[in-house]
Protein chains: 2
Amino acid sequence: MKISEAAAASGCHLETIRYYERVGLIPSPNRTGSGYRDYTLADVERLRFVSRGRELGFSLEEIRSLLRLNDDPKLSCSDVDALARVHLTDIHQRIEALTRMAGELERVIAQCAGGERGTCTILGALRHTGHDVTSCADPGCRP
Amino acid sequence: MKISEAAAASGCHLETIRYYERVGLIPSPNRTGSGYRDYTLADVERLRFVSRGRELGFSLEEIRSLLRLNDDPKLSCSDVDALARVHLTDIHQRIEALTRMAGELERVIAQCAGGERGTCTILGALRHTGHDVTSCADPGCRP
DNA sequence: GCTTGAGTCTGTAGCGGCTACGGACTTTAC
DNA sequence: GTAAAGTCCGTAGCCGCTACAGACTCAAGC
């Protein structure tokens with residue numbers, strides 16, 4: 001199977017596949033006589049593994065670990081579980097940070113909306129200290 | 001004011017300040033006789049503006065636009081409003097994507113927890129097609 | 001057999017937003 | 001006077017790709 005077919009079958013972009021090979025995430029596939037990469041179904045499955053891992057937000061290093069855990073059935077399932085839980089915690093933290101951002105942004109936008117006057121509350125929030133147009137719970141906000 | 005003081009006063013890391021200068025986000029400050037950067041309060045305010053913009057998740061290019069809008073009071077407040085709304089939509093989309101990830105991950109983790117058996121459902125979810133251990137609403141999931 | 005176009009090859013550079021050096025200089029503290 | 005800390009500049013690295021350039025190979029049509 002050629003690289004373009006492997007790309008279509010795995011959901012990875014063609015250039016991304018070459019990149020994964022370069023960084024050692026997937027093994028180098030066989031080559032045809034003329035030097036073209038020749039992928040097996042097993043190769044494609046590995047690529048799909050990586051692709052699904054990325055969809056779940058795992059880093060390439062995490063996926064590297066997951067692949068190792070997957071390759072060696074003697075290794076413990078609880079390591080996989082631990083890795084996934086750490087990753088989940090990280091995702092939750094990112095969601096929290098973004099939610100905070102969104103909330104703050106919504107507040108300053110709401111105050112600005114419709115205001116054609118010279119003083120823009122959004123710019124004001126960026127200019128002035130301590131979010132003084134809002135109520136910031138963080139004591140570090142006030143200087 | 002020296003760069004380390006400007007860093008402390010603005011909340012930007014010292015090396016980050018030099019970076020912002022290099023990419024033209026902030027103007028080059030005055031220099032002392034010996035070539036040290038010498039920041040004014042206006043410089044620090046600009047840095048704080050950038051720092052707060054980053055806290056709200058704006059990209060440096062967005063902040064560049066906001067600075068321009070801020071510098072020229074003749075420009076319309078509604079441009080600021082529009083920029084902020086686009087950014088807010090983007091944040092909401094990122095939250096949504098992360099929430100989807102977290103949900104899926106929670107599902108496979110829940111099925112795996114406590115399982116010391118050889119077949120790990122987390123690895124299974126990564127290996128096998130179409131999230132067959134879950135219920136995926138996306139028709140593209142099934143091949 | 002020959003041409004054309006599409007696919008593939010390698011290597012390198014770029015993105016964003018920093019961060020971290022190395023080696024030279026200056027300032028500060030004792 | 002000397003040692004330590006701060007600053008300077010330039011460059012390279014991080015992640016996870018993506019996009020070239022310039023050389024090749026392959027498949028289809030004539």
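For the structure, check the block above.
Here, residues in each chain are numbered from 1, in the same order as that chain's written sequence. Chains and ligands are labelled by the order in which they are written, letters from A for the one and numbers from 1 for the other. Local features are withheld for residues below a pLDDT of 70 in this predicted model, meaning they are given only at 70 or higher, and side-chain atom pairs are given and counted only at 80 or more; totals for whole chains, interfaces and linings count all residues. Note that the side-chain values use all heavy atoms of the structure and ignore hydrogens as well as water.

Q: Can you walk me through the packing of helix α1 (residues 3-10) of chain B against helix α3 (residues 41-55) of chain B in this structure?
A: Each pair of packed helices can be described by the angle between their axes along with the distance between the axes. Residues and elements named next belong to chain B. Lines fitted to the C-alpha atoms define the axes, with helices restricted to the stretch that makes contact. Angles between their N-to-C directions range from 0 to 180 degrees. Helical segments are the DSSP runs of H or I of at least four residues, strand segments are the runs of E of at least two, and each set is numbered from the N terminus. Relative orientation of the contacting elements α1 and α3 amounts to 45°, with a least axis distance of 9 Å. What the angle tells us is that α1 and α3 run oblique. Here the hand of the crossing between α1 and α3 comes out right-handed. The residues of α3 that touch α1, namely those facing Ala6, Ala9 and Ser10, are Val44, Leu47, Arg48 and Ser51. Charged residues are taken to be Asp, Glu, Lys and Arg, nonpolar residues to be Ala, Val, Leu, Ile, Met, Phe, Trp, Tyr, Cys and Pro, and polar residues to be all remaining types, Gly included. When its residues are assigned to classes, the contact of α1 with α3 shows four nonpolar, two polar and one charged. Should an angle fall under 35 degrees it is taken as roughly parallel, and over 145 as roughly antiparallel, whereas 65 to 115 is taken as roughly perpendicular and any remaining angle as oblique. The sense of a crossing depends on the near helix, which, turned anticlockwise from the far helix by less than a right angle, makes the crossing left-handed and, turned clockwise, makes it right-handed. Contact between two residues is taken to exist if any of their heavy atoms lie within 4.5 Å; hydrogens are not considered.

Q: Quick question: what am I supposed to make of the interface of chain B and chain A here?
A: Many descriptions give the size of an interface as the accessible area lost when the pieces come together. Between chain B and chain A, the residue contacts involve 45 residues of the former and 44 residues of the latter. For any pair of parts, buried area is found by adding up, for both, the accessible area (1.4 Å probe) each one loses once the two are put together. Of the roughly 4,100 Å² buried where chain B meets chain A, counting both sides, 74% is carbon and sulfur surface. Salt bridges are identified by distance alone: a Lys or Arg side-chain nitrogen within 4 Å of an Asp or Glu carboxyl oxygen. For the pair chain B and chain A, the number of links is zero salt bridges. N or O atoms closer than or at 3.5 Å make up a polar contact, with two conditions inside protein: a donor-capable atom paired with an acceptor-capable one, and, for residues adjacent in sequence, both atoms drawn from side chains. Here chain B and chain A share eight residue pairs in polar contact (both at pLDDT 80 or more) between them. Among the secondary structure elements, those contributing two or more residues to the side of chain B that touches chain A are α3, α4 (60-71), α5 (77-112) and α6 (121-127) of chain B. Looking at the side of chain B that touches chain A element by element, the count peaks at 20 residues for α5(B). Its residues placed into classes, the side of chain B that touches chain A shows 23 nonpolar, eleven polar and eleven charged.

Q: Any chance you could explain the packing of aromatic side chains here in plain terms?
A: For any pair of aromatic rings, the description consists of the separation of the ring centres together with the inter-plane angle of the planes. Planes of paired rings set the category: under 30 degrees apart is stacked, over 60 is edge-to-face and the rest tilted, where pairs are Phe, Tyr or Trp rings (Trp by its six-membered ring) whose centres lie within 6.5 Å. The full count for this structure, using the stated rule, is two aromatic pairs over all chains. Taken together, a centroid distance of 6.0 Å and an interplanar angle of 50° make the contact between A:Tyr19 and A:Tyr20 tilted.

Q: When you look at the protein's contact with DNA strand D in this model, what are you seeing that I'm missing?
A: Around DNA strand D, 20 residues are found, and the nearest of them are A:Ser34, A:Arg54, B:Arg18, B:Tyr36 and B:Arg37. Each atom of DNA strand D within 4 Å of the protein belongs either to a base or to sugar and phosphate, the latter forming 76%. Contacts to DNA strand D include A:Thr16, whose side-chain N or O atom sits 3.2 Å from a phosphate oxygen. Contact distances for DNA strand D include 2.4 Å between a phosphate oxygen and a backbone N or O atom of B:Arg37. When contributions to the surface near DNA strand D are tallied by element, the ones reaching two or more residues are α2 (14-22) of chain A together with α1 and α2 (14-22) of chain B. Each residue is tested against the molecule or strand, and it is near if at least one of its non-hydrogen atoms lies within 4 Å.

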